[in-house]
Amino acid sequence: MEAVTLGELVRAVGGKLLGPCTDESIMITGAVSDNRKVENGYVFFAYPGEKSDGHKYVPAALSSGAAGCVVSKDPGTYMEGKFYVLTQDTIRAAGDFAAYYRRCFAVPAVAVTGSVGKTTTKDMIASVLSERFNVIKTQANFNNNIGLPRTILSIGADTQIAVLEMGMNHRGEIDYLTRIAKPDVCTITNIGEAHIGNLGSKENIFKAKCEIFNGLTDGGLAVMNGDDEFLVKLREDAEKQRRFHFVFIGEAQNCDFRAVNIRDTLPEELMFTAVTPTGTYDIDVPAAGRHLIYPALTAAAIGAYYGMSNEEIAAGIAHYTATGMRMETLHLPGNRTLYNDTYNANPQSMKAGLVTLSHAAGVRRIAVLGDMFELGEREEELHREVGAFAAGLSIDTLVTTGRAAAYIAEEAKKNGLSDVRACADKREAKAVLDKILLESPSDTAFLFKASRGMALEELFQYVKEKEEQA
């Protein structure tokens, strides 16, 4: 973060200075909400919390070198030489501060949202743009009203492009984030069932994702998935409105950036030819799965928008690396492959992971799946849908853990997958995995996938350690 004055902070958040320290020329060099990450000159935002209220850590943050703090409660006593800014809502204040800070820089920004593949798409875009530009991007999946301001406040004088991921659970959240970020380019990866329990229908999810256009600058670019049944509806809008322009990517014949000659059965990579307005060229994605044509083509379209050559774009895609626990691929002795895709899951991403597993090298392919969250009244239906889908693939064994994942197991067995082992919890799953490891000493591929709250990486780590000790 570049330094700003206390006066700028107070005006940005609409706050009131408390205590004797009122020098508005004090320089602020960073902003955090974790007192353990405070450095000299930082401002500490005291966020409220269900388990721990950030106001308890104000003294520790100030003692660690913070120049001052933003609070929603008047502490009554004040540490000498430290400023205190009172606001009604400290989380909202951080967003207001980030919005002010964003306007201080003429840095292009790319906003990424969608039901599935946001982080992969963000990472792919950043990898391409980094071939020419100094890029900052959302770290991990800090993509909400707390994470987005953190990323924006990391913009520096040498930043040339920011790539920002935006997540949501309810209507209005993307609208809030995009108005802070003011992107020049935006993309919606797809419309799926993630968070359907909160939003009620895919139509409502579509409307919520389309809030991303609210903050898009005039003359900007919107990159849309031309194979998505909802996003293709925007073609009509593209012909009518003139505030910004659309580019469509995908496999459909009328896509502006199109994938042809797709080789999606390779165990370690995806290869295809990109047909684009700037020419036709080959793309090699260093990860498996047909679904990766969409982040790759999105990155290609955005790279072209910023004037990059086809060679630079292809190189950037080839240099892509996945964020942790998103289809991480681990190779172990005995031709064992472990796919760790445990960061999150919804019906679309679960199916994509299963397809990748079905193409994996090895004589036995084992899916270890857990519950998918936030599916509301459709929970049973959508878990059963995944089970039926798994039964139609070249998968030999299905292990499930969790209450809802039992529906996956039941439906897979009903549809002809003979080796199905449903477990009530991870402890039971570990015992089942012990047996599988004895049954298949080599040439085996495992996929581990579930929603974040299931912490299924514990099973991935369990199998990994077992194999390394063998």
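Preceding block: the structure.
Note that the coordinates shown come from a computational prediction; the quantities given were computed from them, not determined experimentally.

Explain the overall build of the protein chain here, please?
A count of helices and strands for the protein chain gives 16 helices and 22 strands. Against the 2.2 N^0.38 benchmark of 23 Å for 470 residues, the protein chain shows a C-alpha radius of gyration of 24 Å, consistent with a compact globule. Counting only C-alpha atoms and orienting by the principal axes, one finds that the protein chain spans roughly 75 × 50 × 40 Å. The burial tally for the protein chain puts 57% of its 470 residues in the buried class. Long-range contacts, defined here as pairs at least 24 residues apart, represent 66% of the contacts in the protein chain between residues at least 6 apart. Of the roughly 19200 Å² of accessible surface on the protein chain, 48% is carried by carbon and sulfur atoms. With 49 positive and 61 negative side-chain charges, the protein chain shows a separation of 3 Å between the mean positions of the two kinds.

Whenever I open this one, the packing of aromatic side chains confuses me. Can you help?
Aromatic ring pairs: the centre-centre distance and the angle between the two ring planes describe each pair. The final tally for this structure, using the stated rule, is 12 aromatic pairs. Plain terms: the ring middles of Y78 and Y84 are 5.1 Å apart, the flat faces sit at 70° to each other, and that makes the pair edge-to-face. Taking the relative accessible area as the measure of exposure, Y78 reaches 29% and is therefore partly exposed. Looking at Y84, the relative accessible area reads 4%, which means it is buried. Sitting above the plane of the F389 ring, K351 keeps its charged end 5.7 Å from the centroid.

Hey, could you run me through the sheet that holds strand β17 (residues 328–332) in this one?
Strand pairing in a sheet takes place through backbone hydrogen bonds and is either antiparallel or parallel in direction. Overall, mixed pairing links the six strands, which are arranged β17-β18-β22-β19-β20-β21 in an open sheet. Both outer strands of the open sheet, β17 and β21 (419–423), are each paired with one neighbouring strand and no more. Taken pair by pair, the neighbouring strands of this sheet meet at an average axis angle of 15°, ignoring direction. Across five bridges, strand β20 (residues 397–401) lies against β21 in parallel orientation. Paired with T401 across the two strands is C423, which belongs to β21. Each of β19 (364–370), β20 and β21 touches helix α14 (residues 405–414); the most contacted strand, β20, lies at about 155° to it.

Just to check I follow, could you spell out the packing of helix α1 (residues 6–13) against helix α3 (residues 90–103) for this structure?
Between two packed helices, what matters for the description is the angle formed by their axes and the separation of those axes. Running from N to C, α1 and α3 cross one another at 115°; their axes reach a closest spacing of 8 Å. Remark: the crossing between α1 and α3 carries right-handed chirality. Within the contact between the two elements, α1 uses E8, L9, A12 and V13 and α3 uses A93, D96, F97 and Y100. Grouping the amino acids of the contact of α1 with α3 by side-chain chemistry returns six nonpolar, no polar and two charged.

I'm lost on helix α12 (residues 347–358) in this one. Help?
Taking 1.5 Å per residue, 12 residues should reach 16 Å; α12 reaches 17 Å between its end C-alpha atoms and fits that length. Judged by how many residues are buried, α12 sits mostly within the fold: 10 of 12 residues are covered. Regarding α12, the residues found buried are P347, S349, M350, K351, A352, G353, L354, T356, L357 and S358. Contacts made by the buried residues of α12 are with β18 (336–341), β19, α13 (379–391) and β22 (444–449).

I would appreciate a short explanation of the sheet that holds strand β9 (residues 135–137) in the present structure.
Pairing is mixed across the open sheet formed by nine strands, whose spatial order is β9-β10-β8-β11-β12-β13-β14-β15-β16. With partners counted over all chains shown, the strands left at the sheet margins are β9 and β16 (279–285), one partner each. Each strand of the sheet is rotated relative to its neighbour by a mean of 20°, with strand direction disregarded. Bridge count between strand β12 (residues 221–225) and strand β13 (residues 245–250): five bridges; the pairing is parallel. Within the sheet, the bridge partner assigned to L221 lies in β13 and is H245.

Which parts of the structure should I look at to understand unusual backbone geometry?
Comment: phi is negative for the bulk of residues other than glycine, and the bulk of peptide bonds are trans. Positive phi values are uncommon outside glycine, yet K182 reaches one of about 45°. Along the chain, the position of K182 falls in the loop between α6 (173–181) and β11 (185–188). Its relative accessible area of 38% is what places K182 among the partly exposed residues.

Where do I start with the side chain of E211 in this structure?
Looking at the element boundaries, E211 is found in the loop between α8 (202–209) and β12. Overall, the relative accessible area of 8% leaves E211 in the buried class. Polar side-chain contacts of E211 include one of 3.0 Å to the backbone nitrogen of D175. Leaving out residues up to four positions away in the same chain, E211 has contacts with R171, G172, E173, I174, D175 and T178.

Can you help me understand the packing of helix α15 (residues 426–439) against helix α16 (residues 457–469) in this one?
Where α15 meets α16, the axes come as close as 11 Å, and the angle between the chain directions of the two elements is 35°. As for how α15 packs across α16, the hand of that crossing is right-handed. Here K426, A429, K430, L433, D434 and L437 of α15 lie close against α16, whose contacting residues are E458, L459, Y462, V463, K466 and E467. Among the residues forming the contact of α15 with α16, the class breakdown is six nonpolar, no polar and six charged.

What's the story with the environment of A424 in this structure? I'm lost.
Relative to the helices and strands, A424 is located in the loop between β21 and α15. On the accessibility criterion, A424 (57% relative accessible area) is exposed. A C-alpha to C-alpha distance of 44 Å links A424 and A98, two positions 326 residues apart in sequence. The residues contacting A424, other than those within four sequence positions of it, are T401 and G402.

Looking at this structure, how should I read the side chain of S349?
Along the chain, S349 turns up in helix α12. Note on S349: relative accessible area 12%, which makes it buried. A polar atom in the side chain of S349 sits 3.0 Å from the backbone nitrogen of N346. Once you skip the residues sitting within four places of it in the chain, S349 turns out to touch V116, N344 and K449.

Quick notes on the rules
- Residues numbered from 1 in each chain as written.
- Predicted model: local features only at pLDDT ≥ 70, side-chain atom pairs only at ≥ 80, totals over all residues.
- Heavy atoms only, no water.
- Helix = DSSP H or I, 4+ residues; strand = E, 2+ residues; numbered from the N terminus.
- Rg over C-alpha atoms; globule rule 2.2 N^0.38 Å.
- Buried < 20%, exposed > 50% of the residue type's maximum accessible area, 1.4 Å probe, protein only.
- Contact = heavy atoms within 4.5 Å.
- Areas by Shrake-Rupley, 256 points an atom, 1.4 Å probe, with all protein chains shown as cover.
- Lys, Arg positive; Asp, Glu negative; His and termini not counted.
- Charge placed at Lys NZ, Arg CZ, Asp CG, Glu CD.
- Phe/Tyr/Trp six-rings, centres within 6.5 Å; stacked < 30°, edge-to-face > 60°.
- Lys NZ or Arg CZ within 6 Å of the ring centre and 35° of its normal.
- Pairing = 2+ DSSP bridges.
- Axes fitted to C-alpha atoms, helices over the stretch in contact; angles between N-to-C directions.
- Left-handed = near helix turned anticlockwise from the far one by under 90°.
- Nonpolar A, V, L, I, M, F, W, Y, C, P; charged D, E, K, R; others polar.
- Expected span 1.5 Å × (residues − 1).
- Polar contact = N/O pair within 3.5 Å; in protein donor to acceptor, adjacent residues only side chain to side chain.

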